[in-house]
Structures are given as structure tokens and as C-alpha cells.
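One letter stands for each residue in the lines below.
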Amino acid sequence: MRESQLGDLTVSSLGLGCMGMSQSYGVRADDAESIATLHAAIDAGCTFIDTADVYGDGENEELVGRALAGRRDEVVLATKFGFKRPASAVALPSVVDGSPAYAREAIDASLRRLGVDHVDLWYLHRRDPQVPIEETVGAMASMVEAGKVRYLGLSEVNGETVRAAHAVHPISAVQSEWSLWTRDPETVVLPTLRELGVGFVPFSPLGRGFLTGQIKSEADFPEDDMRRGLPRFQGENFQRNLDLVAAVQSLAAEKGVTASQLALAWLLAQGNDVAPIPGTKRRTYLAENLGALDVSLSADELAALDATFPADSVAGQRYTDGGMDLVGK
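- The protein chain is annotated in an unreviewed UniProt entry as Aryl-alcohol dehydrogenase-like predicted oxidoreductase from Kribbella kalugense.

See below:
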């Protein structure tokens, strides 16, 4: 397994996002298979495990905790706080609380659910516009001093927020959506992170499954799948985006790899300060994703992918208007 550097924190270059094991993408996963997937990831050296207190209203942390029983020392464990109510199947929760009091409450609750005495990386899931970032990060830093957290991170923030937070306490990582079809971080956020020595953790590196090439129509989503409510998966946007994915599938076929592996290899080629966390709840897809680590891309191949997916090529915004209001604060 290759390694990536998130500030002073070393992680496996490919991590495992656990959200889909408990929510958002249709019928809930089988817990036994989810735990088997977590164990298989750890056995393969994919030891950067990502969860959040809001996933499944806390159930995901409990699931991860059960999977890590007896194996805690083998992983870099990351979780998040900030959303005060559980995410529904169709939209992100709208209530964000970044107050110092809630930060202290949230970390204790996460540690109880995970069954651990500390987490390695603790993110603010979204910035609370009502609370200065310096106050939130100051409270998070006190949890580092208390030994409950090792490193701090932020999620879906802009460069200005990162700078302000980093001045209070070193920020090791920023987590945001980044993939061939979400190129936004490349313009401002990523250069800021590299100036400050902060790592980047791309979530949804496969475009919420779209870049796998397995999604052909809206009918492929269960009724309670959150993607039904996202603009990129609706109407004319859906078809325009399918055409882009077809181009990636063609490039992948020429190289003899899957579309998923090609998309992940593109991200892995962006630097050793990048650690994508593709989510899966099945060992089969985990094995496919891990295969991306063996895919090398030439300069010409990287250029071809960049040309296929320029920054403004994807139709539709990432979230509904309400969700977008919480991004880049």
C-alpha cells in the first residue's frame, strides 16, 4: 500500500469511506458484509477509515466501532461533527452547530459510539456561519490537548477559512468532493492547502458512483436513494453527464482497466498529499478500487482525462441550493 501525507499524519493513499454502509444510497447494507469489507480493507493495507457522527444518526460509528474491535491500532480513524440532526435519504441536514459546547459534546459521543479513547483525525463537517471558525477550531484544539483527538481537519471549506483555522491550530487535512467530474477544489482551495502543508482527502472520488459506468438511468436508483434529489442526476443533466462517463469508459477500455480504477488512478496521480476515500459496502467493489493502486498513467493519459473532464463540463450543481449554501464557507 502506498502512503500519503496529510500534514504530519501519514495515511494509506487509498482510504475507505463508510457512509454508504448506513445511509444515503438506497436499501441499507448488510452489516455483516460491511464489517467484512472493513476487515478486508485493513488486511489489504487500506487502513484510513472515514466515518461521521451524522451517518445513520450515529449507527455508522457504532458499526465501524464493532469492526475495529481488537484492531484499533491498525487503522487511522477519522470522524466528523457539526450536523446536529441525521441526514435524510434525500438531502443533507440543514442544521450546523460549530459552537465550542457542541464540539465538546460531539467528540465524547463519537468516542462512545466508536468504542475508542481517541480518534486520529477529527473534522468539522461543515462550517457554522454563526460561529467564528477560530472559536470552533479553538474548541477542537482543546480536544487534542485532552488526548481525545490527534489531528484536526475541515470539510467543504474555502481557502480563507483554512487560513484562519490553521492560524489557531495546525489543520492536517481538508475533505471535500474531488473527482474527474468535480474539479472545483483545484482553483483556490488546493493551492492554499499546498502553501500551508495541508493534505486533501477527496470524498465521492467516483462521482457518487457515476464514474463507475454502472449507472445508466434514474431507474437504477432505489426510491430512497439520495442521488434522486441531486441536480446532476436529474433530467437533461443526467444524459449530458452520461456522455462524459462514456468517454472515460472508452479510455479505460483502451488501457485494460475499469472506469472506476481509471478515475481513482487519476486522483492518486495528483500528489502524495492526496488520499481519496471511495466508499463501498461490498468486498467486490473494494477489491476493484484497490486495483487502482497498480494503474500508472502517463502524461498523455492524464492530459486526455483532463481534456475529457474540464472544470465546467459537468451539468448541474453538486447539491440542492440548500446543500450548496453550506459549501465553501
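1. What about the overall build of the protein chain?
Here is step 1 of the chain: Of regular secondary structure, the protein chain possesses eleven helices and nine strands.
Here is step 2 of the chain: Counting only C-alpha atoms and orienting by the principal axes, one finds that the protein chain spans roughly 50 × 40 × 40 Å.
Here is step 3 of the chain: When each of the 329 residues of the protein chain is scored for burial, the buried share is 58%.
Here is step 4 of the chain: Contacts spanning at least 24 positions in sequence make up 75% of the contacts within the protein chain whose residues lie at least 6 apart.
Here is step 5 of the chain: If the 30 positive side-chain charges of the protein chain are averaged to one point and the 46 negative ones to another, these points end up 2 Å apart.

2. Considerations on the layout of surface pockets
Here is step 1 of the chain: When its volume is computed, the second largest pocket comes out at roughly 210 Å³.
Here is step 2 of the chain: Lining the second largest pocket are 16 residues; nearest its centre among them are Val157, Asp184, Pro185, Val189 and Gly328.
Here is step 3 of the chain: Listed by contribution, the elements that provide at least two residues to the lining of the second largest pocket are helix H5 (159–168) and strand E8 (171–177).
Here is step 4 of the chain: For the lining of the second largest pocket, the class distribution of residues is five nonpolar, six polar and five charged.

3. As for the packing of aromatic side chains
Here is step 1 of the chain: All chains considered together, the criterion is met by four aromatic pairs.
Here is step 2 of the chain: A centroid spacing of 5.2 Å and a plane angle of 75° characterise the contact between Trp178 and Phe200, whose relative ring orientation is edge-to-face. Taken together, the residues Trp178 in the loop between E8 and helix H6 (189–196) and Phe200 in strand E9 (residues 199–203) connect sequence positions 22 residues apart.
Here is step 3 of the chain: Taking the centre distance of 6.0 Å and the plane angle of 75° together, the rings of Trp178 and Trp266 count as edge-to-face. Pair noted here: Trp178 is in the loop between E8 and H6 and Trp266 is in helix H8 (residues 259–268), with a separation of 88 residues, a long-range link. Trp266 matches Trp178 in its accessibility class, with the two residues each being buried.
Here is step 4 of the chain: Ring-pair connections join several aromatic residues into one group, and the members of that group are Phe81, Tyr102 and Trp122.

4. Some details on the sheet that holds strand E4 (residues 48–50)
Here is step 1 of the chain: With respect to topology, seven strands assemble into an open sheet ordered E3-E4-E5-E6-E7-E8-E9, the strand pairing being parallel. Each edge of the open sheet carries a strand with a single partner, namely strand E3 (16–17) and E9.
Here is step 2 of the chain: By the bridge criterion, four bridges tie strand E7 (residues 149–155) to E8 in an arrangement that is parallel. Within E8, the position partnered with Ser155 by the bridge is Gln175.
Here is step 3 of the chain: Strand contacts of helix H3 (residues 100–114): strand E5 (76–81), strand E6 (119–124) and E7, with the helix running at about 135° to E5, the strand carrying the most contacts.

5. Observations concerning the side chain of Arg71
Here is step 1 of the chain: Within the secondary structure, Arg71 sits in the loop between helix H2 (59–68) and E5.
Here is step 2 of the chain: For Arg71, a relative accessible area of 17% corresponds to the buried category.
Here is step 3 of the chain: When residues no more than four places from it in sequence are discounted, the contact partners of Arg71 are His39, Ile42 and Asp43.

6. Details of the state of the cysteines
Here is step 1 of the chain: Throughout the structure, instances matching the rule amount to zero disulfides.
Here is step 2 of the chain: Free cysteine: Cys18, not disulfide-bonded; nearest cysteine sulfur from Cys46 at 9.1 Å.
Here is step 3 of the chain: On the basis of relative accessible area, Cys18 is assigned to the buried category, the value being 0%.
Here is step 4 of the chain: Residue class for Cys46 comes out buried when judged on its relative accessible area of 0%.

7. Topic: the side chain of Ser12
Here is step 1 of the chain: As for its position among the elements, Ser12 is in strand E2 (residues 9–12).
Here is step 2 of the chain: For Ser12, the side chain forms a polar contact with the main-chain nitrogen of Phe48, separated by 3.2 Å.

8. Here's the deal with the nonpolar core
Here is step 1 of the chain: Residues Leu6, Phe48, Leu77, Val119, Leu121, Trp122 and Leu154 are the most contacted members of the largest nonpolar core, which totals 98 residues.
Here is step 2 of the chain: For this core, the leading source of residues is H8, giving eight residues.
Here is step 3 of the chain: Once residues lying within four places of it in the same chain are set aside, the contact partners of Phe48 are Leu6, Val11, Ser12, Gly15, Leu16, Val76, Ala78, Leu121, Tyr123, Val201, Ala275 and Ile277.
Here is step 4 of the chain: The next biggest cluster of nonpolar side chains, apart from the first, holds seven residues, and it includes Ala52, Tyr55, Val96 and Leu326.

Criteria and thresholds
Residues numbered from 1 in each chain as written. Predicted model: local features only at pLDDT ≥ 70, side-chain atom pairs only at ≥ 80, totals over all residues. Heavy atoms only, no water. Helix = DSSP H or I, 4+ residues; strand = E, 2+ residues; numbered from the N terminus. Buried < 20%, exposed > 50% of the residue type's maximum accessible area, 1.4 Å probe, protein only. Contact = heavy atoms within 4.5 Å. Lys, Arg positive; Asp, Glu negative; His and termini not counted. Charge placed at Lys NZ, Arg CZ, Asp CG, Glu CD. 1 Å grid on protein atoms, 1.4 Å probe; cavity = no way out; pocket = protein on both sides within 12 Å on 5 of 7 lines; lining within 4 Å. Points joined across faces, edges and corners; volume = space filled by probe spheres on them. Nonpolar A, V, L, I, M, F, W, Y, C, P; charged D, E, K, R; others polar. Phe/Tyr/Trp six-rings, centres within 6.5 Å; stacked < 30°, edge-to-face > 60°. Pairing = 2+ DSSP bridges. Axes fitted to C-alpha atoms, helices over the stretch in contact; angles between N-to-C directions. Disulfide = S-S within 2.5 Å. Polar contact = N/O pair within 3.5 Å; in protein donor to acceptor, adjacent residues only side chain to side chain. Core = buried A, V, L, I, M, F, W, Y, C linked by side-chain atoms within 4.5 Å.

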